[in-house]
Amino acid sequence: MNDKPAPSLEEISSCVSGYDPNALPVEQAREFIARLVPRVEGVEMLALRSAMGRVLARDIVSDIDVPAHDNSAMDGYALYGSDLAAGGDTVLQVVGSGLAGNGYAGSVAPGQCVRIMTGATMPDGLDTVIPQEFVRQDGDRVVVPAGAVKTGENRRLAGEDLARGDVALSAGRVLRPADLGMLASLGRAEVPVWRRLRVAFFSTGNELRSIGEPLDPGCVYDSNRYTLWGMLQRLGVEVLDMGVVRDDPRALESAFRDAAAQADVVITSGGVSVGEADYTKAIMAKLGDVLFWRIAMRPGRPMAIGRIATGGRSAILFGLPGNPVAVMVTFYALVRDALLAMAGAPAQPLPMLRAASAGAIRKKPGRTEYQRGIVTPAAGGGWEVRITGSQGSGILRSMSQANGLVVLGHEQGNVAAGDPVDVLPFDGLI
Ligand code: AMP
Ligand code: MG
């Protein structure tokens, strides 16, 4: 992390208008968090393939034209547009041929043309390509029917993809397959990326058992460890999985110190509810500068946020609620974008679908709700969304069955069947 003096939590909260830790609207929570989190420092050069999914640290400026020369977009014949007859066929003499990587180097007189393949450099002065399927061949002549092609068609211009001096990709970009291809088209073997963000996480609660342990009476298996791991993997951060920590002051303190010593971010689940009879909150408060929020959202009301300090270092803390659905929803609604910003990739707004609700949904104004939904194509076009059964915050199956979150905004009231609602789809193609 950088050495700039970080604002205190009080300073940040004074910048967030209408800040109320006991009934914090999601938008204000997001604004607070955006002001809190610093970006990683440190750039590494990576070979192109290793940079897939990583965050570009510098603008990439093209130092060549792509393509480097005017070339043909079709298999056909390259000609002078000025030879095309105004009304009637044009007859041209074929004087040679050009292949991709082995263009025609001779000169071409008016009334002549060159057989040309896709990607072959345009012979000097020729400006138009007629696709081969449009011409009639007659010995060493071709007949171009009237109106089959216009001047300038089927020719790709030098630099039309990337011109020399263009910013091909901007810093902050999460590199995707098309970007790797584009960087390759510029001949770049390596690219500068931000070092990976390190995120440590652990689960808290005496009732939690790890896979492989017997499930004692009153206990549950720790599922948050796996959903969190999965969500973090998808974000491309470096994940330090610290397992389950017992609800014991010494165990918690050493886990927090250990996590904060190694990571930029510490994420915990459980132990932040109001009236919780455990030590998690007390230890968080002891080791750092931490606020305990009640967010106007459902699921996922309680959350701790702040900094945990140890050995002169400080890590950002997200203390998420324990309920399995609440963990996932608070992660997507509040943590995801913050981690991206820390990783150097300020998040872009995610595309939402507008879908007709298949049924009525009860919703109180004054909080944001994230219901789990299954989106399908609607009979009359557009999309329809159906809520996945019970929306209890412990029912992880609702999340697993869903293909998106139905986002019901802060002011929204009840939804009638057929009303349009916003849906955040889980899956994207790229
Ligand atoms: P808490 O926020 O600690 O009060 O936990 C709320 C609920 O979530 C309780 O029913 C916990 O047993 C459950 N829970 C907490 N952590 C986990 C976890 N890691 N995996 C599964 N369930 C959990
Ligand atoms: Mg607990």
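Residues numbered from 1 in each chain as written. Chains lettered and ligands numbered in written order. Predicted model: local features only at pLDDT ≥ 70, side-chain atom pairs only at ≥ 80, totals over all residues. Heavy atoms only, no water.

Participant: Please clarify how the overall build of the protein chain should be interpreted in this entry.
Facilitator: Counting its regular elements, the protein chain contains 8 helices and 26 strands. A compact globule built from 430 residues would reach a C-alpha radius of gyration of about 22 Å, whereas the protein chain, at 30 Å, exceeds it by more than 25%. Dimensions of the protein chain, computed from C-alpha atoms along their principal axes, come out at roughly 95 × 55 × 50 Å. If you take every contact in the protein chain between residues at least 6 apart in sequence, the share linking residues at least 24 apart comes to 70%. (Helix = DSSP H or I, 4+ residues; strand = E, 2+ residues; numbered from the N terminus. Rg over C-alpha atoms; globule rule 2.2 N^0.38 Å. Contact = heavy atoms within 4.5 Å.)

Participant: Help me understand the domain arrangement of the protein chain, please; the structure alone is not making it clear to me.
Facilitator: Note on interface size: it is often stated as the accessible area lost on association of the parts. Taken domain by domain, the protein chain comprises domain 1 (9-42 + 196-343), domain 2 (44-66 + 160-194), domain 3 (71-156) and domain 4 (353-425). If you average the C-alpha positions of domain 1 and of domain 4, the two centres end up 26 Å apart. Contact residues are listed per partner, giving 16 residues for domain 1 and 15 residues for domain 4. For the domain 1 and domain 4 pair, buried surface summed over both sides reaches about 1200 Å², with 71% attributable to carbon and sulfur atoms. If you look at where domain 1 meets domain 4, you find 5 residue pairs in polar contact (both at pLDDT 80 or more). Elements represented by at least two residues in the side of domain 1 that touches domain 4 include exactly strand 19 (297-298) and helix 7 (324-342). Classifying every residue of the side of domain 1 that touches domain 4 gives 12 nonpolar, 3 polar and 1 charged. (Domains from an automatic or database assignment. Buried area = accessible area lost by both parts, 1.4 Å probe. Polar contact = N/O pair within 3.5 Å; in protein donor to acceptor, adjacent residues only side chain to side chain. Nonpolar A, V, L, I, M, F, W, Y, C, P; charged D, E, K, R; others polar.)

Participant: Is there a simple way to explain a nonpolar patch on the surface in this structure?
Facilitator: Residues Ile211, Leu215, Tyr221 and Tyr226 make up a contiguous nonpolar surface patch of roughly 420 Å² in combined accessible area. Relative to the elements of secondary structure, Ile211 occurs in the loop between strand 14 (208-209) and strand 15 (220-221). Ile211 sits in the exposed class, given a relative accessible area of 61%. (Patch = residues over 30% accessible without salt bridge, like charges linked within 9 Å, V, L, I, M, F, W, Y side chains within 5 Å. Areas by Shrake-Rupley, 256 points an atom, 1.4 Å probe, with all protein chains shown as cover. Salt bridge = Lys/Arg side-chain N within 4 Å of Asp/Glu carboxyl O. Buried < 20%, exposed > 50% of the residue type's maximum accessible area, 1.4 Å probe, protein only.)

Participant: Can you help me understand the sheet that holds strand 21 (residues 313-320) in this one?
Facilitator: Across a sheet, paired strands are connected by hydrogen bonds in the backbone, their directions being either parallel or antiparallel. Across the sheet, 6 strands lie side by side as 16-13-17-21-20-18; this open sheet has mixed pairing. Two strands bound the open sheet, and with one partner strand each, they are strand 16 (238-245) and strand 18 (288-294). Within this sheet the neighbouring strands show an average axis-to-axis angle of 15°, counted without direction. As paired elements, strand 20 (residues 302-310) and strand 21 share 7 bridges and run antiparallel to each other. Paired with Ala309 across the two strands is Ser314, which belongs to strand 21. Strand contacts of helix 4 (residues 224-235): strand 13 (198-204), strand 16, strand 17 (265-269) and strand 21, with the helix running at about 165° to strand 13, the strand carrying the most contacts. Of the strands in this sheet, strand 13, strand 17, strand 20 and strand 21 touch helix 7, which is tilted by about 155° from strand 21. (Pairing = 2+ DSSP bridges. Axes fitted to C-alpha atoms, helices over the stretch in contact; angles between N-to-C directions.)

Participant: For this particular structure, what's the right way to read the pairing of strand 20?
Facilitator: Two faces, one strand: in a regular strand the side chains alternate between the faces of the sheet. Along strand 20, 8 of the 9 residues are buried, which leaves the element largely enclosed by surrounding structure. In the sheet, strand 18 pairs with strand 20 via 7 bridges, with the strands oriented antiparallel. Across the sheet, residue Leu291 finds its bridge partner in strand 20, namely Ile305. Here strand 20 folds back onto strand 21 in antiparallel fashion, the turn holding 2 residues, of which Gly311 has a positive phi close to 50°.

Participant: Looking at this structure, how should I read the side chain of Ser62?
Facilitator: As for its placement among the helices and strands, Ser62 is situated in the loop between strand 2 (60-61) and strand 3 (71-72). According to the relative accessible area criterion, Ser62 is buried, its value standing at 2%. If we ignore the near neighbours within four places in the chain, the residues touching Ser62 are Leu162, Ala163, Arg164, Gly165, Asp166 and Leu186.

Participant: Mind showing me how you'd approach helix 4 here?
Facilitator: Side chains of residues three or four places apart in an α-helix project in the same direction, reflecting 3.6 residues per turn. For helix 4, which comprises 12 residues, the first-to-last C-alpha distance of 16 Å matches the rise-based estimate of 16 Å (1.5 Å per residue) to within 8%. Where helix 4 is concerned, the buried positions are Asn224, Arg225, Thr227, Leu228, Met231, Leu232 and Leu235. As for helix 4, its buried residues are in contact with strand 13, strand 16, strand 17, strand 21, helix 7 and helix 8 (396-401). Count one or two residues on from helix 4 and you reach Gly236, which has phi positive near 80°. (Expected span 1.5 Å × (residues − 1).)

Participant: Just to check I follow, could you spell out the sheet that holds strand 6 (residues 112-116) for this structure?
Facilitator: Strand order in the open sheet formed by 6 strands is 7-4-6-5-9-8, and the pairing between neighbours is mixed. The strands lining the two open edges of the sheet, one partner per strand, are strand 7 (128-131) and strand 8 (136-138). Sheet twist, expressed as the mean angle between neighbouring strand axes with direction ignored, is 40°. Of the pairings in the sheet, the one linking strand 4 (residues 76-79) to strand 6 comprises 3 bridges and is antiparallel in character. Bridge pairing in strand 6 places Tyr77 opposite Arg115.

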